[in-house]
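# Secondary and tertiary structure notes
Residue-level listing of the chains:
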Amino acid sequence: MLAITLPTAMPTTSLPPAETSPCSTLPTFERTLRPWGWYETMTEAPGYKVKRIGVAPGQQLSLQKHHQRAEHWVGVVGAGRVTVGDRTLDLLPGQHVDIAVGEIHRLANPGPGPLEIIEVQFGAYLGEDDIVRLQDVYGRA
């Protein structure tokens, strides 16, 4: 089931990313580069994984599905375009969308600025090889 929830109040300030703040005591995470942008795994334990994902302007992830995991996406920076099943919607900061196991989905950044989301994965197996690419502009399908 596709659901977008609007926040009741938007934050009025934002903190810089940990890697750009000279006084920060926040942890930094290893960044994995992809043709569409990057991701950082923030934490992982049996049954769940949390990632911060950045999509470069004009780029998109592959149209994909997963056999063993569900995902919950929360918009944090910029405006994303989300495809889930046969529906397409915009994902703004503070909004979220749920993606069921096996559901076809994609995240795109149609705008001129950065896009960042937080992705929470749930499932018994959360490996990067549980991606079935159906379409990919980078030739990986």
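Structure: see above.
Here is a short report on the structure shown in this document. (Residues numbered from 1 in each chain as written. Predicted model: local features only at pLDDT ≥ 70, side-chain atom pairs only at ≥ 80, totals over all residues. Heavy atoms only, no water.)

## Side note on the pairing of strand 9 (residues 105-108)
Every regular strand shows the same layout, with side chains that alternate between the two sheet faces. Stated precisely, the cut-off is as follows: Note on exposure labels: buried denotes an accessible area under 20% of the residue type's maximum, exposed denotes more than 50%, and partly exposed covers the range between, all computed with a 1.4 Å probe on protein chains only. Helix and strand definitions here come from DSSP, where helices need a minimum of 4 consecutive H or I residues and strands a minimum of 2 consecutive E residues; each element is numbered from the N-terminal end. A pair of strands is treated as paired once DSSP finds two or more bridges between them.
Residues His105 and Leu107 line one face of strand 9 and the alternating positions Arg106 and Ala108 line the opposite face, and both faces are buried. Direction of pairing for strand 6 (residues 80-84) relative to strand 9: antiparallel, over a ladder of 4 bridges. Paired with valine 82 across the two strands is leucine 107, which belongs to strand 9.

## A short note on the nonpolar core
Basically, it comes down to this: Here, the term nonpolar core denotes a set of buried Ala, Val, Leu, Ile, Met, Phe, Trp, Tyr and Cys residues that are joined through side-chain atoms within 4.5 Å. Whether two residues are in contact is decided by their heavy atoms, any of which lying within 4.5 Å being enough.
With 15 residues, the main nonpolar core has Trp36, Ile53, Val55, Trp73, Val82, Leu107 and Ile117 as its most contacted residues. Each residue touching tryptophan 73, except ones within four places of it in the same chain, is listed here: Val82, Leu91, Gln95, His96, Val97, Ile99, His105, Arg106, Leu107, Ile117, Ile118 and Glu119.

## Comments concerning the pattern of salt bridges
We count it as follows: The term salt bridge refers to a side-chain nitrogen of Lys or Arg lying within 4 Å of a carboxyl oxygen of Asp or Glu.
The final tally for this structure, using the stated rule, is 8 salt bridges. Glutamate 40 serves as the salt-bridge partner of arginine 31, at 3.0 Å between the closest nitrogen and oxygen. We classify arginine 31 as partly exposed; its relative accessible area is 34%. Classification of glutamate 40 as buried rests on a relative accessible area of 3%. Close ionic contact of lysine 51 with glutamate 128 constitutes a salt bridge, the shortest N to O distance being 2.4 Å. Residue lysine 51 is found in strand 3 (residues 48-55), and its partner glutamate 128 is found in the loop between strand 10 (115-122) and strand 11 (132-135); the two are separated by 77 residues along the sequence. Taking the relative accessible area as the measure of exposure, lysine 51 reaches 4% and is therefore buried. Assessed through its relative accessible area of 31%, glutamate 128 is described here as partly exposed. Connected through salt bridges with shared partners, the residues Arg31, Glu40, Arg52 and Glu116 form a single ionic network.

## Remarks on empty space enclosed by the protein
Selection criterion: Using protein atoms alone on a 1 Å grid, points that fit a 1.4 Å probe yet trap it form a cavity, whereas open point sets bounded by protein on both sides within 12 Å along at least five of seven lines form a pocket; residues with an atom within 4 Å of a point count as lining. Grid points are joined across faces, edges and corners, and a volume is the space filled by probe spheres set on the points. Residue classes follow a fixed rule: Ala, Val, Leu, Ile, Met, Phe, Trp, Tyr, Cys and Pro count as nonpolar, while Asp, Glu, Lys and Arg count as charged, and any other residue, Gly among them, counts as polar.
Applying the stated criterion across every chain, the model contains 1 cavity of 30 Å³ or more. Secondary-structure elements contributing two or more residues to the lining of the largest cavity are strand 3, strand 5 (70-77) and strand 10. Of the residues belonging to the lining of the largest cavity, the class tally is 6 nonpolar, 5 polar and 8 charged.

## Considering the sheet that holds strand 5
As a reminder, the rule being used: Note on geometry: axes are C-alpha line fits, over the in-contact stretch for helices, and angles between N-to-C directions span 0 to 180 degrees.
Reading across the sheet, the 6 strands line up as 1-2-3-10-5-8 and stay open at both edges, with antiparallel pairing between neighbours. Each edge of the open sheet is held by one strand with a lone partner, namely strand 1 (31-34) and strand 8 (96-99). The average undirected angle you get between the axes of adjacent strands in this sheet is 25 degrees. Where strand 5 meets strand 10, 7 bridges bridge the pair, whose relative direction is antiparallel. Bridge pairing in strand 10 links glycine 75 to isoleucine 117.

Interpretation in functional terms is not warranted from these geometric data alone.
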